[in-house]
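Summary of the model geometry
This is what each chain is made of:
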Amino acid sequence: MRYSLFFFIVLTFGCSYQSPQTRVHWFAQSTLLSGVSRCQSPQTAPPETTLDAHAPLVLLVHGCNGSAGRFSALAQVFEFHQQQTLCFSYDDRDSLYDSAQQLAQVIEQLSQHHPQITIIGHSMGGLISRQALTQIDSSDSKTALTLVTISTPFSGIHAAAHCASTPLMVASLGLTIPICYMASGDKWYEITAKSDFILQPQPLWQAIRHIQIITDERDSCREYSSQGQCITSDDIFSLQEQYFPPMLSALNGELYQIKAGHVEIVGYQGQTPDKLIHLFEQIGLMPPNQKTQNYTQRLAILYDIVATDQ
């Protein structure tokens, strides 16, 4: 249990947040959106941006310890496929319900201008994205909404199990509560397998397409030593944490399992998200791209791939 507590604190502590505000222009109209920016770091994201109101939009939602800047390369991959993107940022320490409410307001504002919006939530961003869409009545909407959740712990985070343990709470004289709050803020209980947030997910409107991508992260590694030993594991959430039977019954078969690490699936410096791109092309979220030399070189630049002699 003590190792679980240590892992939980390492996993969640230190999530930081800077709330962006971006004025988005659509021809003669403009709106100031809170929590939204171009997928760049807060220091470089422009305060204003212009979107094509007649074109689909991809809205990326990061996970804990993530940021809009970390999705910069993936956003440019979408734009290379002629798809415009924005990123939604939130305070990792807020309640998941509060973050979802903020995201729902953003989606409703964007829905007034775009015929199609795809919301892609990675990890905890998937929990927030799905909850946000349960608050939106899309029955009369002219906007087609698609939700993509990737590596999302819909069954709760096992490393946080001690936060919902009544015997441990009694034995510690209630100290688990401040410890869990210190580690993850207002969402400390919501991310456990016993919370209403996990056990009682609200249904999505039938018009919303939900695609769930589960990653088999076993034996994955993000960083190796010069001797070939794994320094940083990429095995964050197990298959059991990501599978949630009550939710699967509503997916209409749109469930995909990929052998990939937790961060590998969305890409990071030195690793292109090839598996995710391939799947997106297969299911129509990205138009098939001819793998030209220019395309390969652009991916290498985006993800800082160092060329090696064969």
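Residues numbered from 1 in each chain as written. Predicted model: local features only at pLDDT ≥ 70, side-chain atom pairs only at ≥ 80, totals over all residues. Heavy atoms only, no water.

As for the overall build of the protein chain
A tally of helices and strands in the protein chain yields 11 helices and 12 strands. Long-range pairs, those at least 24 residues apart, make up 76% of the contacts in the protein chain between residues at least 6 apart in sequence. Roughly 15,100 Å² of accessible area belongs to the protein chain as shown, and the carbon and sulfur atoms make up 53% of that amount. (Helix = DSSP H or I, 4+ residues; strand = E, 2+ residues; numbered from the N terminus. Contact = heavy atoms within 4.5 Å. Areas by Shrake-Rupley, 256 points an atom, 1.4 Å probe, with all protein chains shown as cover.)

Here we look at the sheet that holds strand E12 (residues 255-259)
The seven strands are arranged E3-E6-E5-E7-E8-E9-E12 in an open sheet whose pairing can be described as mixed. The strands lining the two open edges of the sheet, one partner per strand, are strand E3 (36-37) and E12. One ladder, built from seven bridges, connects strand E7 (residues 116-122) with strand E8 (residues 144-150); its direction is parallel. Each residue of the ladder has a partner; that of Ile117, found in E8, is Leu145. Contacting strand E5 (57-61), E7, E8 and strand E9 (209-216), helix H4 (residues 124-134) crosses the sheet at an angle of about 140° to E7. (Pairing = 2+ DSSP bridges. Axes fitted to C-alpha atoms, helices over the stretch in contact; angles between N-to-C directions.)

Notes on the state of the cysteines
Put plainly, a disulfide is one covalent bond tying together the sulfur atoms of two cysteines. Scanning the model with the defined rule gives three disulfides in all. Note that Cys163 is cross-linked by a disulfide to Cys180, the S-S spacing being 2.0 Å. Between Cys163 and Cys180, the S-S torsion sits near -100°, and that sign places the bridge as left-handed. With Cys163 in the loop between E8 and helix H5 (166-171) and Cys180 in helix H6 (residues 176-184), the pair connects residues that are 17 residues apart, well separated along the chain. Both residues of the pair, Cys163 and Cys180, count as buried. (Disulfide = S-S within 2.5 Å. Buried < 20%, exposed > 50% of the residue type's maximum accessible area, 1.4 Å probe, protein only.)

With respect to the sheet that holds strand E1 (residues 21-26)
With mixed pairing, the three strands of this open sheet are ordered in space as E2-E1-E4. Two strands close off the open sheet at either side, each with one partner strand: strand E2 (29-34) and strand E4 (48-50). The average angle at which neighbouring strand axes cross in this sheet is 25°, direction not considered. Relative to E2, E1 runs antiparallel, the two being bridged by six bridges. In the sheet register, Val24 faces E2, and the bridge partner there is Thr31.

Thoughts on the environment of Phe80
On the secondary structure map, Phe80 appears in helix H2 (residues 72-80). Of the residues examined, Phe80 reaches a relative accessible area of 18% and is grouped as buried. The spacing of Phe80 and Asn289 is 209 residues in sequence and 9.2 Å in space, taken between C-alpha atoms. The residues touching Phe80, leaving out its near neighbours within four places in the chain, are Asn289, Asn294, Tyr295 and Arg298.

Here's the deal with the nonpolar core
Counting 42 residues, the largest nonpolar core has Leu59, Leu110, Ile119 and Leu133 as the members making the most contacts within it. Among the secondary structure elements, those contributing two or more residues to this core are E1, E5, strand E6 (84-88), helix H3 (96-111), E7, H4, E8 and helix H7 (196-199). Considering every element that reaches this core, the biggest residue donor is H3, with seven residues. Leu133 has contacts with Ile107, Ile119, Leu145, Leu147, Leu204 and Ile208, leaving out every residue within four places of it along the chain. Among the nonpolar cores identified, the runner-up in size contains 30 residues, and Val77, Ile150, Leu299 and Tyr303 belong to it. (Core = buried A, V, L, I, M, F, W, Y, C linked by side-chain atoms within 4.5 Å.)

With respect to the pairing of E1
Of the two faces of E1, only one is covered, namely that formed by Thr22, Val24 and Trp26; the face formed by Gln21, Arg23 and His25 stays uncovered. Taken together, E1 and the strand that follows it, E2, pair antiparallel across an intervening segment of two residues, in which Phe27 is found at a positive phi of about 55°. Examined bridge by bridge, E1 and E4 share three bridges and lie parallel to one another. Within the sheet, the bridge partner assigned to Arg23 lies in E4 and is Glu48.

What to know about the pattern of salt bridges
Counted by the stated rule, this structure contains six salt bridges. Note that Asp216 and Lys259 form a salt bridge whose closest N and O atoms lie 3.6 Å from each other. Of this pair, Asp216 sits in strand E9 while Lys259 is found in strand E12, placing the two residues 43 residues apart along the sequence. The exposure class assigned to Asp216 is buried, which follows from its relative accessible area of 9%. The exposure class of Lys259 is partly exposed, given its relative accessible area of 42%. Here Arg222 makes a salt bridge to Asp234, at a shortest N to O gap of 3.3 Å. Remark: Asp234 occurs in the loop between strand E11 (230-233) and helix H8 (239-242) and Arg222 occurs in strand E10 (residues 221-224); sequence separation between them is 12 residues. (Salt bridge = Lys/Arg side-chain N within 4 Å of Asp/Glu carboxyl O.)

Some thoughts on the side chain of Ser123
Note that Ser123 resides in the loop between E7 and H4. Looking at Ser123, the relative accessible area reads 7%, which means it is buried. With sequence-adjacent residues up to four places away left out, Ser123 is seen in contact with Gly63, Ile150, Ser151, Thr152, Pro153, Phe237 and His262.

What to know about the packing of aromatic side chains
Taken as a whole, this structure holds five aromatic pairs when the rule is applied. Seen from their ring centres, Phe88 and Tyr90 are 6.2 Å apart, and the 20° between their planes marks the pair as stacked. With relative accessibility at 1%, the residue Phe88 sits in the buried group. Given a relative accessible area of 1%, Tyr90 falls into the buried group. Ring geometry for Tyr97 versus Phe197: centroids 5.1 Å apart, planes at 80°, classification edge-to-face. Placement of the pair is Tyr97 in helix H3 and Phe197 in helix H7, with a sequence separation of 100 residues. Taking the relative accessible area as the measure of exposure, Tyr97 reaches 35% and is therefore partly exposed. (Phe/Tyr/Trp six-rings, centres within 6.5 Å; stacked < 30°, edge-to-face > 60°.)

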